[in-house]
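Summary of the model geometry
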Amino acid sequence: MKPILTIGTINRNNSKGLERTIASVARQKCGGLEYVVIDGNSSDGSVDVIRANTAKIDYWVSEPDRGISDAFNKVIGSANAAWVMLLNAGDVLRDDSITRIFDALMTNARVDIVCGRTLALSNSGNHKVLVPNASKLPLEMSIPHPSSIVNKTLYEKVGGYGLEYRIAMDYAFFLKARAANARFIELEDVYVEMEDGGVSNQSAFSRNRDSWEARNGAGIGLVANSYAFVRRLSRDLLSKAFK
């Protein structure tokens, strides 16, 4: 039977996070699921983790890649299901997430992207629920990527993740989808818990520069793009100053 959903985990040298992610996928109590792991030629024991869990994984590969976008695109290329969900190593599915996602897919079969909520975990204990809002995409990345489930036909229509982006590849994809009139639905369920502090949080200026390029590539005008850039950078700098 063809799977309903392909979950893909990408990893490079995060063996402990990968182990947590694999375990969270294995805990899901439903069929119709395909699980893919793409490893970027890790040297920290990640491949040993994968080999120890091969019974829980439908397809995996460990090989050099050209970054996060390339790894995401490899998941899409290997997916046999109609829907695709992308997780980074360290992201954890809540125990009933896939059952709730399948219910959402059955109820919203005509949409292109199902957007759930993500809980961002902070070492300080200041956890935050990330709430999807596609209407804000021209201003900022407003879709929690780990809790987004994308119809594979949309990837075929607009393309995957741009290799030119080091950080904002997910934002650039959602902007492309919006420009192509993709149908988003925003749900209140939290599907994934993620560690706050990944690549997108490493440098406020680098992230905002990448986001500028994503908006520019989506045809957002100079004035609107400049406003969005200054608005987000100011928020980041103020947040850092008052930590």
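Our structure's up above, just so we're on the same page.
The paragraphs below set out a description of the structure included in this document. None of the values given here were measured: they were computed from a predicted structure.

1. Notes on helix α1 (residues 15–26)
The end-to-end C-alpha distance of α1 is 16 Å, a good match for the 16 Å that 12 residues give at a rise of 1.5 Å each. Turning to α1, its buried residues number three or more, namely Ser15, Gly17, Leu18, Thr21, Ile22, Ser24 and Val25. Residues of α1 that are buried make contact with β1 (5–11), β2 (33–39), α2 (46–52), β4 (83–88) and β5 (92–93).

2. Re the environment of valine 129
Note that valine 129 resides in strand β7 (residues 128–130). Valine 129 gets classed as partly exposed once you look at its relative accessible area, which sits at 38%. Each C-alpha atom, one on valine 129 and one on leucine 119, is 4.5 Å from the other, the two residues being 10 residues apart in sequence. Those residues in contact with valine 129 that lie beyond four places of it in its chain are Arg117, Thr118, Leu119 and Val190.

3. Focus on the side chain of serine 122
You can see serine 122 is positioned in the loop between β6 (113–121) and β7. For serine 122, a relative accessible area of 19% puts it in the buried group. Those residues in contact with serine 122 that sit more than four places away from it in its chain are His127 and Asp196.

4. Some remarks on the pattern of salt bridges
Going through the model one piece at a time under the given rule, you end up with 11 salt bridges. The salt bridge partner of arginine 232 is glutamate 140, with a shortest N-O separation of 3.9 Å. Placement of the pair is arginine 232 in helix α8 (residues 222–241) and glutamate 140 in the loop between β7 and β8 (148–151), with a sequence separation of 92 residues. Using a relative accessible area of 27% as the deciding quantity, one classes arginine 232 as partly exposed. On the basis of relative accessible area, glutamate 140 is assigned to the buried category, the value being 11%. A salt bridge links glutamate 140 to arginine 235; the shortest N-O distance between them is 2.9 Å. Separated by 95 residues along the polypeptide, glutamate 140 in the loop between β7 and β8 and arginine 235 in helix α8 bring together distant segments of the chain. Residue classification places arginine 235 among the partly exposed positions, given a relative accessible area of 39%. What you see here is one network of salt bridges that share partners, running through Glu140, Arg231, Arg232 and Arg235.

Cut-off values and rules
Residues numbered from 1 in each chain as written. Predicted model: local features only at pLDDT ≥ 70, side-chain atom pairs only at ≥ 80, totals over all residues. Heavy atoms only, no water. Helix = DSSP H or I, 4+ residues; strand = E, 2+ residues; numbered from the N terminus. Expected span 1.5 Å × (residues − 1). Buried < 20%, exposed > 50% of the residue type's maximum accessible area, 1.4 Å probe, protein only. Contact = heavy atoms within 4.5 Å. Salt bridge = Lys/Arg side-chain N within 4 Å of Asp/Glu carboxyl O.

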